[in-house]
Amino acid sequence: MNLYDLLASRFPADRSKPCFLLSDGRAISYGELEAGAAHAAGRLVAQGVQPGDRVALQAEKSAEVIMIYLGVLKAGAVFLPLNSAYTASEVDYFRGDAEPKVFVTDPPAWVAEAAGHAPLEATAPRAAGDLASLIYTSGTTGRSKGAMLSHGNLAENALALHAAWGFTPDDVLLHALPIFHVHGLFVALHCALLSGCPMVWLPKFADAEVLAGLDRATVMMGVPTFYTRLLANPGFTREVAAGVRAFICGSAPLLPSTFAEFEARTGQRILERYGMSEAVIITSNPLDGERIAGSVGYPLPGVELRIGGEETPSIASGDTSPDGGGTGVIQIRGPSVFSGYWRMPEKTAEEFTADGFFITGDVGRCDSDGRVWISGRAKDLIISGGYNVYPKEVELVLDELPGVVESAVIGVPHRDLGEGVVAVVMGQGDEAAMIAEARRQLAAYKAPKRVVFVDELPRNAMGKVQKNLLRQRYERLFES
Ligand code: MLC
Ligand code: AMP
């Protein structure tokens, strides 16, 4: 039940077929991927890595990262990917918490050296419940936590998506996502590997390369920012999109206006789905059937979803019928839902109901057709360009700066990023200097794009800052 064996069992019989189509015209075959993974596993075992040990990796995107990821699975170890934007102090926290046995920072060099080690022939046996990956996420509250995803969680979700989205060996996936979060690493990659199909493998999203790649691609996956950026480019035409059978989108809300503009431009409807680190993909619009703007579609097979009532995340509604529950916090149960947060049993217990539903912190409703609509978040979370920013983390940094009495960090509409991070600071200071300091301490995407200074922050009777009022006050900040 090792996920590696499932994936490898679907590689094309002819291993010379390409897996990665690189921007410089080169290709890396499935055979090379398989050999790279076997050598990576061999090196890990030689380094004393045992099943269950964590292997952390922080690096830019490359095919070698995937060789190492698969090698980690093959050796029975646990893959811990870290966003390359994280600063040294952020990484220190993850290392201290997860205690990885190996920490890789230069995958091409690491893989080159692994080639000198004997390949690991036999995949380490793993049970469905054994840990495959730790994905750090801020979840609903508190410090970043490692979501524990098992071999079974990832295998079940990959198989469900592969079927739901109709992948075949004839597909070509355009892969421009980062590979240190679930979207790029599991959702996109696993669909391609299970089909044994090639990926147009781009180091990051850049208009020109994506436009060129669409020429060969049959499926594209991205966050809403990818699609708004494509639409802002006049080179993105109906003809350019014509060979693509599915444009799949998620990680943040897709605006109905983007959906409509995309359809008007290309004649195609974006296929929106909903997911999270703790459960990979939860719902999806249908491949065949109606894709409706603003709805994230139906629960995937095996997923039970219910609405937990009036933003009271700790209370299970007891209503397992998705229909007619009104608007409330979405709760889920199913084969891909994680088993808990790494070394945080109390936090885990708080986030699950007594009957085993995970409380997502997303607010939504189900219509009578069983479609899910997300309308907001009960968690204080900003999603900027598909990346999660936990306001408290930014506030803790700003509150330490001279001149700051208190800060409130909010997300407000941003044409490119969906939501842009804004700090409302009670006190005085220099905007540029504050942004620079936040960028020094935190990953750049978490830093405010704007800082506004105020004499007072609006508070409710309990003295709590009313962020909803601030969001209203500054909702047009990025329009000028
Ligand atoms: C980069 N920056 C960002 C940013 N990304 N700032 C805010 N929000 C972001 N998302 C910083 C950069 O560090 C840069 O700083 C500056 O902002 C300008 O960057 P840019 O050139 O505009 O950004 P770019 O590098 O083009 O990246 C934007 C992006 C990228 C949208 C292409 O962020 C991206 O690929 N996002 C996808 C995120 C993702 O995969 N999420 C899935 C999570 S899993 P400097 O220093 O260079 O000036 C999940 C579950 C699920 O959510 O359902 O899938
Ligand atoms: P992450 O913690 O990075 O896994 O982010 C997961 C969160 O992204 C979810 O809890 C949602 O809030 C959000 N999200 C993902 N997909 C969608 C979507 N299609 N629409 C709205 N929000 C989404």
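Conventions used here
Residues numbered from 1 in each chain as written. Chains lettered and ligands numbered in written order. Predicted model: local features only at pLDDT ≥ 70, side-chain atom pairs only at ≥ 80, totals over all residues. Heavy atoms only, no water. Buried < 20%, exposed > 50% of the residue type's maximum accessible area, 1.4 Å probe, protein only. Helix = DSSP H or I, 4+ residues; strand = E, 2+ residues; numbered from the N terminus. Contact = heavy atoms within 4.5 Å. Near = heavy atom within 4 Å. Polar contact = N/O pair within 3.5 Å; in protein donor to acceptor, adjacent residues only side chain to side chain. Areas by Shrake-Rupley, 256 points an atom, 1.4 Å probe, with all protein chains shown as cover. Nonpolar A, V, L, I, M, F, W, Y, C, P; charged D, E, K, R; others polar. Domains from an automatic or database assignment. Buried area = accessible area lost by both parts, 1.4 Å probe. Salt bridge = Lys/Arg side-chain N within 4 Å of Asp/Glu carboxyl O. Phe/Tyr/Trp six-rings, centres within 6.5 Å; stacked < 30°, edge-to-face > 60°. Lys NZ or Arg CZ within 6 Å of the ring centre and 35° of its normal. Arc of directions from axis to C-beta. Axes fitted to C-alpha atoms, helices over the stretch in contact; angles between N-to-C directions. Parallel < 35°, antiparallel > 145°, perpendicular 65-115°, else oblique. Left-handed = near helix turned anticlockwise from the far one by under 90°.

### Considering helix 9 (residues 224-231)
Here's step 1: For helix 9, the tally of buried residues reaches six of eight residues, placing the bulk of the element in the interior.
Here's step 2: Among the residues of helix 9, P224, T225, F226, Y227, L230 and L231 are the ones counted as buried.
Here's step 3: The inward-facing, buried residues of helix 9 abut helix 8 (207-214), strand 10 (219-222), strand 11 (246-249) and helix 11 (256-266).

### Concerning the site of ligand 2
Here's step 1: For ligand 2, the set of nearby residues contains 17 residues, the closest of which are R273, S277, D362, K379 and N388.
Here's step 2: In this structure, a nitrogen atom belonging to ligand 2 sits 3.1 Å away from a main-chain N or O atom of S251.
Here's step 3: Between ligand 2 and D362 there is a distance of 2.5 Å, counted from an oxygen atom to a side-chain nitrogen or oxygen.
Here's step 4: Within the complex, the protein chains bury 92% of what would otherwise be the 500 Å² of accessible surface of ligand 2.
Here's step 5: Secondary-structure elements contributing two or more residues to the shell around ligand 2 are strand 12 (271-276) and strand 18 (372-377).
Here's step 6: Along the lines of polarity and charge, the residues of the shell around ligand 2 split into seven nonpolar, five polar and five charged.

### Points about the site of ligand 1
Here's step 1: Among the 24 residues in the neighbourhood of ligand 1, the closest are listed as R229, S251, R273, S384 and R439.
Here's step 2: Within the side chain of R273, an N or O atom sits 2.7 Å from an oxygen atom of ligand 1.
Here's step 3: One nitrogen or oxygen atom from the side chain of S384 is found 2.6 Å from a nitrogen atom belonging to ligand 1.
Here's step 4: For ligand 1, whose accessible area on its own is 1,000 Å², the fraction buried by protein is 74%.
Here's step 5: Secondary-structure elements contributing two or more residues to the shell around ligand 1 are helix 7 (182-195), helix 9 and strand 12.
Here's step 6: Structurally, the shell around ligand 1 is a two-domain feature, drawing no fewer than three residues from each of domain 1 (3-375) and domain 2 (382-473).

### Structural notes on the domain arrangement of the chain
Here's step 1: Domain boundaries in the chain define domain 1 (3-375) and domain 2 (382-473).
Here's step 2: The contact between domain 1 and domain 2 buries some 1,200 Å² in all, and 48% of this surface belongs to carbon and sulfur atoms.
Here's step 3: For the pair domain 1 and domain 2, the interface holds two salt bridges.
Here's step 4: Linking R229 and D416 is a salt bridge whose minimum nitrogen-to-oxygen distance equals 2.7 Å.
Here's step 5: For the pair domain 1 and domain 2, the number of links is five residue pairs in polar contact (both at pLDDT 80 or more).
Here's step 6: Looking at the side of domain 1 that touches domain 2, the elements with two or more residues in it are helix 4 (88-98) and helix 9.
Here's step 7: Split by residue class, the side of domain 1 that touches domain 2 holds six nonpolar, 11 polar and two charged.

### Side note on the environment of K464
Here's step 1: Its location among the elements puts K464 in the loop between strand 23 (450-454) and helix 15 (467-473).
Here's step 2: For the pair K464 and S277, spaced 187 residues apart in the sequence, the C-alpha separation amounts to 29 Å.
Here's step 3: Setting aside chain neighbours within four positions, we find K464 in contact with P458 and R459.

### Brief notes about the environment of V187
Here's step 1: Here V187 shows up in helix 7.
Here's step 2: For V187, a relative accessible area of 1% corresponds to the buried category.
Here's step 3: Separated by 159 residues in the primary sequence, V187 and I28 place their C-alpha atoms 20 Å from one another.
Here's step 4: For V187, the contacting residues outside a window of four places in its chain are L161, W165, V182, M221, R273, V280 and I281.

### Notes on the packing of aromatic side chains
Here's step 1: Taken as a whole and assessed by the stated rule, the structure comprises 18 aromatic pairs.
Here's step 2: Between F247 and F262, the aromatic rings sit 4.9 Å apart at their centres with planes inclined by 70°, giving edge-to-face as the arrangement. Highlighted residues: F247 in strand 11 and F262 in helix 11, separated in sequence by 15 residues.
Here's step 3: We classify F247 as buried; its relative accessible area is 1%.
Here's step 4: Put simply, the rings of Y86, Y93, F94 and Y136 pair up and form one aromatic cluster.
Here's step 5: A cation over an aromatic ring shows up here: K145 above the ring of Y341, its NZ or CZ 5.3 Å from the ring centre.
Here's step 6: Across the ring face of F357, the terminal group of R306 is positioned such that the distance to the ring centre comes to 3.6 Å.

### A few points about helix 5 (residues 107-114)
Here's step 1: Within helix 5, the full set of buried residues consists of P107, W110, V111 and A114. Buried residues in helix 5, looked at end-on, bunch into an arc of 95°, giving them a common side.
Here's step 2: On its buried face, helix 5 sits against helix 2 (30-46), strand 3 (54-58), helix 3 (63-74) and strand 5 (102-104).

### As for the packing of helix 2 against helix 3
Helix packing geometry: the angle between the two helix axes and the distance between the axes.
Here's step 1: It is the contact of helix 2 with helix 3, at a shortest axis distance of 7 Å, that shows an interaxial angle of 55°. It follows from the interaxial angle that helix 2 and helix 3 lie oblique. The handedness of the crossing between helix 2 and helix 3 comes out as right-handed. Side by side, helix 2 and helix 3 meet where E32, L33, G36, A37, A38, A40, A41 and L44 of the first sit next to I66, M67, I68, L70, G71, V72 and K74 of the second.
Here's step 2: Split into classes, the residues belonging to the contact of helix 2 with helix 3 amount to 11 nonpolar, two polar and two charged.

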